[in-house]
Amino acid sequence: DIIVAKKTSVWDMNAADPMKWSLLPLHSTITNEDQQKVFQPVPKAHRKIILATNIAESSITVTDITYVIDFCLTKSLS
């Protein structure tokens with residue numbers, strides 16, 4: 001027998017309401033001011049989503065992050 005336990009997904013809370021998402025890019029071509037936004041707290045009941053390059057992801061620690069999803073994509077220069 002296979003038993004499947006229901007587990008809360010990253011997307012379960014407020015998934016239908018994108019206005020409660022704080023979507024923040026993090027890479028080298030954005031301003032320093034915009035880069036600092038990833039360290040600021042988001043309003044209660046908001047989900048912070050950071051879209052980061054692999055360099056940014058491995059270079060910093062954001063204390064209020066619960067999950068990291070790494071797609072292992074890299075840019076190949078030829």
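This is a predicted model, so every value here is computed, not measured.

Definitions and limits used
- Residues numbered from 1 in each chain as written.
- Predicted model: local features only at pLDDT ≥ 70, side-chain atom pairs only at ≥ 80, totals over all residues.
- Heavy atoms only, no water.
- Helix = DSSP H or I, 4+ residues; strand = E, 2+ residues; numbered from the N terminus.
- Contact = heavy atoms within 4.5 Å.
- Salt bridge = Lys/Arg side-chain N within 4 Å of Asp/Glu carboxyl O.
- Buried < 20%, exposed > 50% of the residue type's maximum accessible area, 1.4 Å probe, protein only.

**Student:** Please set out the environment of Val 42 residue by residue, giving values where relevant.
**Tutor:** Along the chain, Val 42 falls in the loop between α1 (32–36) and β2 (47–52). The spatial distance from the C-alpha of Val 42 to the C-alpha of Lys 20 is 9.6 Å, given a sequence separation of 22 residues. Beyond its immediate stretch of four places on either side in the chain, Val 42 contacts Ser 22 and Lys 48.

**Student:** Go over the pattern of salt bridges, please, and point to the residues and values.
**Tutor:** Applying the stated rule across the entire model yields two salt bridges. Asp 34 is the partner of Lys 37 in a salt bridge, and the nearest nitrogen-oxygen pair spans 3.1 Å. Judged by its relative accessible area of 35%, Lys 37 falls in the partly exposed class. Two residues, Lys 48 and Asp 64, come together in a salt bridge whose shortest N-O distance is 3.1 Å. Residue Lys 48 is located in strand β2, and its partner Asp 64 is located in the segment after α2 (54–59); the two are separated by 16 residues in the primary sequence. The partly exposed category is assigned to Asp 64, whose relative accessible area is 39%.

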